[in-house]
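# Structural overview for review
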Amino acid sequence: LPLPGWRRVSAPSPAAPAGPRRERERDDASPTPTSVNYHFTRQCNYKCGFCFHTAKTSFVLPLEEAKRGLAMLKEAGMEKINFSGGEPFLQDRGEFVGQLVQFCKQELKLPSVSIVSNGSLIREQWFKKYGEYLDILAISCDSFDENVNVLIGRGQGKKNHVENLQKLRQWCREYAVAFKINSVINRFNVEEDMNEQIKALNPVRWKVFQCLLIEGENTGEDALREAEKFVISDEDFEQFLDRHKDVSCLVPESNQKMRDSYLILDEYMRFLNCTNGRKEPSKSILDIGVEAAIKFSGFDEKMFLKRGGKYVWSKADMKLDW
């Protein structure tokens with residue numbers, strides 16, 4: 001695939017002189033929001049100890065305001081939207097994210113619409129109603145040992161996270177939704193061998209993150225989590241990757257790759273700049289527009305491409321055997 005990445009756009013200036021002024025104009029140009037992660041809620045039914053987008057507020061935009069912002073992003077060049085949280089299916093039992101998914105695919109005609117979820121609240125009825133509008137469903141799974149999931153904070157009473165994962169995999173197959181797995185590698189699962197289980201589930205992508213500290217979210221005085229005990233070294237992370245190097249769908253993301261290579265939109269539709277190790281918000285795109293807000297995103301275009309941020313992300317182009 002070609003990797004267009006984030007095209008930089010500036011106002012045309014037919015008589016613009018060459019030299020320093022032209023360079024300043026180029027530097028001040030805004031990136032195009034090709035791929036956006038919209039964390040529309042911070043509420044969650046799990047308590048993952050390393051979570052770096054915690055429940056600091058319970059705010060969720062009204063549906064029509066969220067749609068207005070998404071239409072603005074499409075107008076500014078968005079091709080892929082990923083809905084995340086918190087837990088996206090917690091709001092109105094999945095109806096809120098379902099209507100956003102349908103709007104983005106049916107009305108905005110985005111090439112790719114995806115969701116990241118812990119999977120615990122998804123029902124088959126949701127797939128029947130909204131599955132055709134969803135390109136990718138990513139389920140967070142950090143271990144295939146249920147005891148480890150409980151230690152991490154993914155345990156929820158009698159529900160078995162791993163058994164639920166198998167059920168969701170089958171629904172994705174039945175309703176033609178590309179299935180993806182996200183895993184955060186941390187102190188409790190870094191020694192685990194997941195080769196057999198991942199190959200059996202056969203996701204289109206297995207995104208493997210190194211546990212990341214974000215000031216004010218999972219570390220520091222004003223944080224809701226204390227993730228220090230989950231942190232692993234770069235060497236530990238590399239050893240985990242080496243153990244799973246034969247998994248063809250593996251997509252590794254170290255702390256260095258992850259920190260500045262995502263365009264993150266919070267529950268108020270503010271871009272979050274993580275450059276300084278904490279999430280510093282812009283003003284909302286609903287108030288000042290996408291171009292003005294995105295200049296504060298701290299986005300690293302080169303790292304976005306290096307981590308494989310642009311890939312075959314529309315299920316119509318995947319040619320999968322559902």
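Description of the structure in this document. (Residues numbered from 1 in each chain as written. Predicted model: local features only at pLDDT ≥ 70, side-chain atom pairs only at ≥ 80, totals over all residues. Heavy atoms only, no water.)

## A look at helix H6 (residues 161-174)
In this model H6 runs 20 Å from its N-terminal to its C-terminal C-alpha over 14 residues, within 8% of the 20 Å that 1.5 Å per residue would give. Listing the buried residues of H6 in full gives His161, Val162, Asn164, Leu165, Leu168, Arg169, Trp171 and Cys172. Taken down its axis, H6 places every buried residue within 165 degrees of arc, on the same side. For H6, the secondary structure elements touched by its buried residues are helix H4 (124-130), strand S6 (136-140), helix H5 (146-152), strand S7 (178-185) and helix H7 (195-201). (Helix = DSSP H or I, 4+ residues; strand = E, 2+ residues; numbered from the N terminus. Expected span 1.5 Å × (residues − 1). Buried < 20%, exposed > 50% of the residue type's maximum accessible area, 1.4 Å probe, protein only. Arc of directions from axis to C-beta. Contact = heavy atoms within 4.5 Å.)

## Focus: the pattern of salt bridges
Side chains that differ in sign of charge can pair as their charged atoms come close. The full count for this structure, using the stated rule, is 11 salt bridges. Note that Asp135 is salt-bridged to Lys105, the shortest N-O span being 2.7 Å. With Asp135 in the loop between H4 and S6 and Lys105 in helix H3 (residues 95-107), this pair connects stretches of sequence that are 30 residues apart. Note that Asp266 is salt-bridged to Arg270, the shortest N-O span being 2.8 Å. Using a relative accessible area of 26% as the deciding quantity, one classes Arg270 as partly exposed. By sharing partners, the salt bridges in this structure join Arg42, Glu217 and Glu267 into a single network. (Salt bridge = Lys/Arg side-chain N within 4 Å of Asp/Glu carboxyl O.)

## So, a negative patch on the surface
The grouping of Glu215, Glu221, Glu226 and Glu228 at the surface amounts to a negative patch. Following the sequence through the fold, Glu226 ends up in the loop between strand S8 (205-210) and helix H8 (234-243). Using a relative accessible area of 65% as the deciding quantity, one classes Glu226 as exposed. (Patch = residues over 30% accessible without salt bridge, like charges linked within 9 Å, V, L, I, M, F, W, Y side chains within 5 Å. Areas by Shrake-Rupley, 256 points an atom, 1.4 Å probe, with all protein chains shown as cover. Lys, Arg positive; Asp, Glu negative; His and termini not counted. Charge placed at Lys NZ, Arg CZ, Asp CG, Glu CD.)

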